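Residue-level listing of the chains:
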Amino acid sequence: MTMLFPGESDWRAGMQLVSAAIDENMGEAVILTPVRSGGVNFPTIPEPERAVSTIAVFMAKPETVVMGDNKIHARGHSMSPLISTNVPVFSFDHKSLPWPIMQGCRIKLCRTGEVFEATDIKSDSVTRIDVKVVRLGRGVE
């Protein structure tokens, strides 16, 4: 490992350097707004007074979705409509977060003004946290 990361004898420390390089080269400004529980069966409540600015990498990963059931047509062929879409994902260096991200958290992409809501949070258990989101739109806070 010392060949890849000179001066680093720890693999985790080397990966932290990689994570910092990812943010430096691909990251952009976002505003992260935490939420609190709205109660059982109620939506979360944003807490804009606790919002922070940080850096995240925004990606829109391509995904193909099969719509409907397989249909057998007159010629005996099975066809399912396939729809191509993008799944928006934010990737954070875990050190850039002042508190743990939870489902419902709001992320505003400063470049476009779009606001997203966190739906699925996954850590790589080393340095980065990937957050799948849904678009809420522009001007939503």
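Our subject is the structure that appears above.
First things first, this report covers the structure right here in the doc. (Residues numbered from 1 in each chain as written. Predicted model: local features only at pLDDT ≥ 70, side-chain atom pairs only at ≥ 80, totals over all residues. Heavy atoms only, no water.)

Glancing now at unusual backbone geometry. Phi at N41 is positive, roughly 65°, even though this residue is not glycine. Here N41 is to be found in the loop between strand 2 (35-36) and strand 3 (45-46). By relative accessible area, which is 78% here, N41 ends up exposed. Phi at S125 is positive, roughly 65°, even though this residue is not glycine. The class for S125 is exposed, based on a relative accessible area of 57%. (Helix = DSSP H or I, 4+ residues; strand = E, 2+ residues; numbered from the N terminus. Buried < 20%, exposed > 50% of the residue type's maximum accessible area, 1.4 Å probe, protein only.)

Below, the discussion takes up the pairing of strand 10 (residues 128-138). Note: strand 7 (residues 82-93) against strand 10, 5 bridges, orientation antiparallel. Paired with S91 across the bridge in strand 10 is D130. The sheet contact formed by strand 9 (residues 114-123) and strand 10 spans 9 bridges and is antiparallel. Paired with E114 across the bridge in strand 10 is R138. Linkage of strand 9 to strand 10, two consecutive antiparallel strands, is achieved through a turn of 4 residues, within which S125 is found at a positive phi near 65°. (Pairing = 2+ DSSP bridges.)

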